[in-house]
Amino acid sequence: MEEKNIKILAIESSCDETAAAVVENGRKVLSNVISTQIDIHTLYGGVVPEIASRKHLERINQVVKEALKQASVTLEDIDAVAVTYGPGLVGALLVGTAEAKAIAYAAGKPLVGVHHIEGHIAANYIENQDLEPPFMCLIVSGGHTHLVVVEDYDKFNIIGRTRDDAAGEAFDKVARSIGLGYPDAITFPKAKMSDNPYDFSFSGLKSAVLNYLNHAKMTGEEVNPNDLAASFQKAVVQVLVEHAIRGTKEHGFRKLALAGGVASNSALRASLKEACEKNGITLYYPSPIFCTDNAAMIGAAGYYEYKKGRRSGWDLNAAASLKLGER
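Helix and strand content of the protein: 10 helices and 10 strands. By the burial criterion, 53% of the 327 residues in the protein qualify as buried. A total of about 14500 Å² of accessible surface is found on the protein, and carbon and sulfur atoms cover 49% of it.

Structural data, given as structure tokens:
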């Protein structure tokens, strides 16, 4: 007997993207609708939580309707509703979870809460049909920098994490400080952790950039923003690549996946690809549209949660600081 195709309606609203998608069997994207707020938040130099929540409220119904329409399905065709319930901005998450609960309850469908970072990892399954656990995954986003052993679709072992700023957060802060706005000439330091070689630290690097700028200002030295940005990026990428390759080899893996918003960075991709080729490691990464916050990745992760029999109750709440692996 042929196994039934499972269709998941997924909702993502953890930060400043209002997104909905319909995903079949965890790998086939039938629709992926994203409404971005980036133009609004650019005016303020970063995401304003209250504005983000309001905009999610305004757009979420239309985004869900459009996702169903583009997938040519109705709520009757859907097997479950998956939603990001953490981590993220609490107000933004509440909009998504309330929407998902209302739809699931009204349609009589199961509700599946999904961890945002598990979604980023699952984005790799969408275009890489051959990728299955176990494998190593480097997660690099605005709020997270993790080196994770993906033991199973729902089982994760974090072997390295940032001690301070996430890589994406450091990128944003340095970009603002050199006037590049929101979203090799100079040598910057690379922090090493003696107690865990897989951990990351970017606050020292960020401080070195700010000290360089202050010194240049005091001495009247002209700063080339392009050189500064390239040098900072090189230092960050080197650390990320070194840790990821070392962790993959020392844990006996031949598969390394890249995930998170910063996974779309071309310098990081190119450097990691070169290092993987040298070390006989197969590199996986999603297309840029699946690297940034989107609902297709939540649908992919939600499918595997659903298959494991996990269901959320109507008391599912936003969990702004949810850790990877927590339920």
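Attention shifts here to the sheet that holds strand β8 (residues 155-161). Strand order in this open sheet of five strands is β8-β7-β6-β9-β10, and the pairing throughout is mixed. A single partner strand is all that each edge strand has here, and the edge strands are β8 and β10 (282-284). With direction set aside, neighbouring strand axes in the sheet form an average angle of 25 degrees. Across three bridges, the pairing between strand β9 (residues 255-259) and β10 is parallel. By the bridge assignment for β10, Lys255 is matched with Thr282. Along the sheet face, helix α7 (residues 225-250) touches β6 (135-140), β7 (145-152), β8 and β9 and points at about 160 degrees away from the line of β6.

Below, the discussion takes up the side chain of Ser13. Locating Ser13 in the fold gives a position in the loop between β1 (7-12) and β2 (17-24). Polar side-chain contacts of Ser13 include one of 3.2 Å to the backbone nitrogen of Gly96. Setting aside chain neighbours within four positions, we find Ser13 in contact with His56, Ala92, Leu93, Val95 and Gly96.

This part is about the nonpolar core. Ranked by size, the top nonpolar core spans 38 residues in total, and within it Phe135, Cys137, Ile139 and Val150 carry the most contacts. Of the residues forming this core, the biggest block, eight residues, is contributed by helix α10 (residues 296-307). Not counting chain neighbours up to four residues away, the residues in contact with Ile139 comprise Ile117, Ile121, His144, Thr145, His146, Val148, Ala259 and Leu324. In this structure, Phe202, Ala244, Leu272 and Ala275 belong to the second largest nonpolar core, which totals 34 residues.

The subject of this paragraph is the packing of aromatic side chains. Applying the stated rule across the entire model yields six aromatic pairs. Look at Tyr105 and Trp314: their rings are 5.4 Å apart centre to centre, the planes differ by 85 degrees, and that puts the pair in the edge-to-face class. Looking at Trp314, the relative accessible area reads 45%, which means it is partly exposed. When the centroid spacing of 5.5 Å and the interplanar angle of 65 degrees are considered together, the rings of Tyr125 and Tyr304 count as edge-to-face. By the ring-pair criterion, three or more aromatic residues cluster together here, those being Tyr125, Phe135, Tyr153, Tyr303 and Tyr304.

This part takes up the pattern of salt bridges. Per the stated rule, a full pass over the model turns up 10 salt bridges. Across the pair Lys7 and Glu24 runs a salt bridge whose closest N-O atoms are separated by 3.3 Å. Here the residue Lys7 occupies a position in strand β1, and Glu24 occupies one in strand β2, the gap between them amounting to 17 residues. For Lys7, a relative accessible area of 19% gives the class buried. Of the residues examined, Glu24 reaches a relative accessible area of 11% and is grouped as buried. The partner of Asp154 in a salt bridge is Arg310, with the nearest N and O atoms 2.7 Å apart.

Topologically, Leu283 is positioned in strand β10. C-alpha of Leu283 to C-alpha of Lys255: the two residues are 28 residues apart in sequence and 6.2 Å apart in space. Residues in contact with Leu283, not counting those within four places in the same chain, are Leu256, Arg269, Leu272, Lys273 and Cys276.

Reading across from one edge, β3-β2-β1-β4-β5 is the order of the five strands in this open sheet, with mixed pairing throughout. Edge positions in the open sheet fall to β3 (28-36) and β5 (111-115), since each of these has one partner strand only. Across the sheet, the axes of successive neighbouring strands diverge by a mean angle of 20 degrees, strand direction being ignored. In this structure, strand β4 (residues 80-86) lies alongside β5, joined through five bridges in parallel fashion. Considered in β5, the bridge of Ala82 is made with Val112. Docked against the sheet, helix α3 (residues 90-107) engages β1, β4 and β5, running at close to 160 degrees with respect to β4. Running over the sheet, helix α4 (residues 116-127) touches β1, β3, β4 and β5 and is turned about 95 degrees from β5.

Moving on to helix α8 (residues 266-278). Taking 1.5 Å of rise per residue, 13 residues should cover 18 Å, and α8 covers 18 Å from first to last C-alpha, within 8% of that figure. Here α8 has its buried residues at Leu268, Arg269, Leu272, Ala275 and Cys276. Down the axis of α8, the buried side of the element spans an arc of 140 degrees, and every buried residue falls inside it. Residues of α8 that are exposed and point over 90 degrees away from its buried face: Ser266, Glu277 and Lys278. Buried residues in α8 make contact with β6, α7, β9, β10 and α9 (288-291). Of the residues flanking the start of α8, the one acting as N-cap is Asn265, its side-chain oxygen 3.0 Å from the backbone nitrogen of Ala267. Phi for Gly280, located one or two positions after α8, is positive at around 65 degrees.

Quick notes on the rules
- Residue numbers here run from 1 along each chain, matching the order of that chain's written sequence.
- Whole-chain, interface and lining totals are the exception, using all residues; otherwise, since this is a predicted model, local features are given only for residues with pLDDT of at least 70 and side-chain atom pairs are given and counted only at 80 or more.
- Hydrogens and water molecules were not included; the side-chain quantities draw on all heavy atoms of the structure.
- Only DSSP runs of H or I reaching four residues or more are called helices, and only runs of E reaching two or more are called strands; each is numbered from the N terminus.
- The cut-offs for exposure are 20% and 50% of the maximum accessible area for each residue type, with area from a 1.4 Å probe on protein chains only; residues under the lower value are buried, those over the upper are exposed, and the others partly exposed.
- Accessible surface area values rest on a Shrake-Rupley calculation with a 1.4 Å probe, where residue burial reflects the displayed protein chains alone.
- Between any two strands, pairing holds if DSSP finds at least two bridges.
- Angles here are taken between N-to-C directions and fall from 0 to 180 degrees, while the axes themselves are lines fitted to C-alpha atoms, restricted in helices to the stretch in contact.
- Only heavy atoms matter for contacts: two residues are in contact if any of them lie within 4.5 Å across the pair.
- Whenever two N or O atoms come within 3.5 Å, that pair is a polar contact, provided that in protein one can donate a hydrogen and the other can accept it, and provided that, for residues adjacent in sequence, both atoms are side-chain atoms.
- For the purposes of this section, nonpolar cores are sets of buried Ala, Val, Leu, Ile, Met, Phe, Trp, Tyr and Cys residues that join through side-chain atoms within 4.5 Å.
- Pairing of aromatic side chains requires ring centres within 6.5 Å, counting the rings of Phe and Tyr and the six-membered ring of Trp. Pairs whose planes differ by under 30 degrees are stacked, by over 60 edge-to-face, and all others tilted.
- What makes a salt bridge here is a side-chain nitrogen of Lys or Arg within 4 Å of a carboxyl oxygen of Asp or Glu, nothing more.
- Multiply 1.5 Å by the residue count of a helix minus one, and that product is the helix's expected span.
- This arc describes the spread of directions from the helix axis toward the C-beta atoms.

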